[in-house]
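The lines below spell out each chain.
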Amino acid sequence: MSEKLKAAILGGTGMVGQRFIALLENHPWFEVTSIAASPRSAGQTYEEAVKGRWKMDTPVPESVKNIIVKNASDVEQNASEVDFVFSAVDMTKEEIRQIEEAYAKTETPVVSNNSAHRWTPDVPMVVPEINPQHMGLIEYQRKRLGTARGFVAVKPNCSIQAYAPALTAWMEYEPYEAVVSTYQAISGAGRTFADWPEMQGNIIPFISGEEEKSEREPLRIWGELKNGVIEPAAEPVITSQCIRVPVLNGHTASVFVKFRRKGLEKEQLIEKLVHYSGLPQQLGLPSAPKQFIQYLEDDNRPQIALDVDFENGMGISVGRIRRDSVYDWKFVGLSHNTVRGAAGGAVLCAELLKAQGYIAKK
């Protein structure tokens, strides 16, 4: 019998669900044994359910082709067959909150890619290298839910991964204000060029809800766990614009920063970036990048074509650090939005939760 933890993917036929499937193929700790989606996919094999709409570069893994897709709303039945679930369901926020808590109440941990629970006070929203201590919220959440092992944990918005890690690495220099513009790939909307041809050669200067997430979520990640709640950080204050660009994968950020610490040199900023690591690196978690942040010296980097897959898409690329005439410093960041920013970030959260003892065999 396999010693791997049994995982279900809720919303397994969508783009992020497909990314979960691809990333978890041959995972050393987790095995996908169940896939659930909408009623229209239920009853089909996974191969049948994604026929004509598989969006990954690699083929559908053999290990999941013949899994019969279940209805994600059959909570009790689905939960009884697995140790925990990954959630990427496509529903309204209220429906997502309800179904994720319903799974948690069956004593099944839920690791979610969705935004619905990011501001639920007792739900941890975690980038494992930045705020692993926020998983401590789970004990308070379990008291509310009345569970012994069930809970919901989430990862934050995909686009903040392109700049929040760099600002985190520089926290001792006291960044207090930042202007951020993100240039976001179409896969962030669950689309490809085949099903969104009007994005070819086009830019859309609006992504619903993104600017609020870009400004507020980093402050929660940098916040302090006190008496069962996260007290958000007050700084750095962020103002943002978010733009959809004709790129398949990879969110780029252009960032201007003011620091209270004066007299900084470029070399100091670079050194902090390339030496920054966190608990995933210390623990050697399977999906953790060996180097979390790389700095690229060439003026024309980072580039999506060259750098989006750094550390298998789990690393962050930074370049063009230079002094600014209005702000103190500016830089460009890049992250893979469906790997580090979505499914990969959630897998790393699940690995951290297993290492911390929150996820185990039922």
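Predicted model only: the values in this text are computed from it and were never measured.

About the criteria used
Residues numbered from 1 in each chain as written. Predicted model: local features only at pLDDT ≥ 70, side-chain atom pairs only at ≥ 80, totals over all residues. Heavy atoms only, no water. Pairing = 2+ DSSP bridges. Helix = DSSP H or I, 4+ residues; strand = E, 2+ residues; numbered from the N terminus. Contact = heavy atoms within 4.5 Å. Axes fitted to C-alpha atoms, helices over the stretch in contact; angles between N-to-C directions. Buried < 20%, exposed > 50% of the residue type's maximum accessible area, 1.4 Å probe, protein only. Core = buried A, V, L, I, M, F, W, Y, C linked by side-chain atoms within 4.5 Å. Polar contact = N/O pair within 3.5 Å; in protein donor to acceptor, adjacent residues only side chain to side chain. 1 Å grid on protein atoms, 1.4 Å probe; cavity = no way out; pocket = protein on both sides within 12 Å on 5 of 7 lines; lining within 4 Å. Points joined across faces, edges and corners; volume = space filled by probe spheres on them. Nonpolar A, V, L, I, M, F, W, Y, C, P; charged D, E, K, R; others polar.

Enquirer: Help me understand the sheet that holds strand E1 (residues 5-10), please; the structure alone is not making it clear to me.
Expert: In sheet architecture, strand pairing relies on hydrogen bonds along the backbone and comes in two forms, parallel and antiparallel. The strand order across the open sheet built from 6 strands is E3-E2-E1-E4-E5-E6, with neighbouring strands paired in parallel fashion. The open sheet has two edge strands with one neighbour each: strand E3 (70-71) and strand E6 (152-154). Against the sheet, helix H5 (residues 93-105) makes contact with E1, strand E4 (84-87), strand E5 (110-112) and E6, and its axis sits at roughly 155° relative to E5, the strand it touches most.

Enquirer: Would you mind showing me how to read the pairing of strand E14 (residues 329-335) here?
Expert: The two faces of a sheet get side chains in turn, since along a regular strand they alternate between them. Of all 7 residues making up E14, 7 are buried, and the element is well covered by its neighbours. On E14, burial covers both faces: Trp-329, Phe-331, Gly-333 and Ser-335 on one face and Lys-330, Val-332 and Leu-334 on the other are all buried. Note that strand E11 (residues 251-259) and E14 share 7 bridges and pair antiparallel. By the bridge assignment for E14, Ser-254 is matched with Val-332. With 5 bridges joining them, strand E13 (residues 316-323) and E14 adopt antiparallel strand pairing. Bridge pairing in E14 links Arg-323 to Trp-329. Between E13 and the antiparallel strand that follows it, E14, lie 5 residues.

Enquirer: It is not clear to me how the nonpolar core should be interpreted in this structure. Could you clarify?
Expert: Buried together is how nonpolar side chains tend to be arranged in soluble globular proteins. Formed by 54 residues in total, the largest nonpolar core has its most connected members in Tyr-163, Trp-170, Leu-273, Val-318, Ile-321 and Phe-331. If sequence neighbours within four positions are ignored, Val-318 has contacts with Ala-166, Leu-273, Ile-293, Gln-294, Tyr-295, Leu-296, Pro-302, Phe-331, Val-332 and Gly-333.

Enquirer: Would you mind showing me how to read the environment of Glu-217 here?
Expert: Tracing the sequence through the fold places Glu-217 in helix H8 (residues 210-221). Sequence spacing of Glu-217 and Pro-156 is 61 residues, and the spatial spacing of their C-alpha atoms is 6.9 Å.

Enquirer: What's the story with the side chain of Thr-108 in this structure? I'm lost.
Expert: Looking at the element boundaries, Thr-108 is found in the loop between H5 and E5. A distance of 2.8 Å separates a polar atom in the side chain of Thr-108 from a polar atom in the side chain of Thr-106. A distance of 2.7 Å separates a polar atom in the side chain of Thr-108 from a polar atom in the side chain of Lys-362.

Enquirer: Would you explain the side chain of Gln-161 in this entry?
Expert: Looking at the element boundaries, Gln-161 is found in the loop between E6 and helix H7 (164-169). Classification of Gln-161 as buried rests on a relative accessible area of 3%. In this view, Gln-161 contacts Val-127, Pro-156, Ile-316, Ser-335, Arg-340 and Gly-341; residues no more than four positions away in its chain are not counted.

Enquirer: Looking at this structure, I do not really get the layout of surface pockets. What am I missing?
Expert: If a probe as big as a water molecule is rolled over the atoms, it shows which places are left empty. Roughly 1200 Å³ of internal volume is contained in the largest pocket. In terms of lining residues, the largest pocket is bounded by 44 residues, among which Val-16, Ala-88, Val-89, Asp-90 and Asn-114 are the most central. Elements represented by at least two residues in the lining of the largest pocket include exactly helix H1 (15-24), H5, H8 and helix H12 (339-355). Across the lining of the largest pocket, the residue classes tally to 14 nonpolar, 20 polar and 10 charged. Looking at the second largest pocket, its volume works out to about 660 Å³. Contributions of two or more residues to the lining of the second largest pocket are made by H1, helix H10 (279-283) and H12. Its residues placed into classes, the lining of the second largest pocket shows 15 nonpolar, 11 polar and 6 charged.

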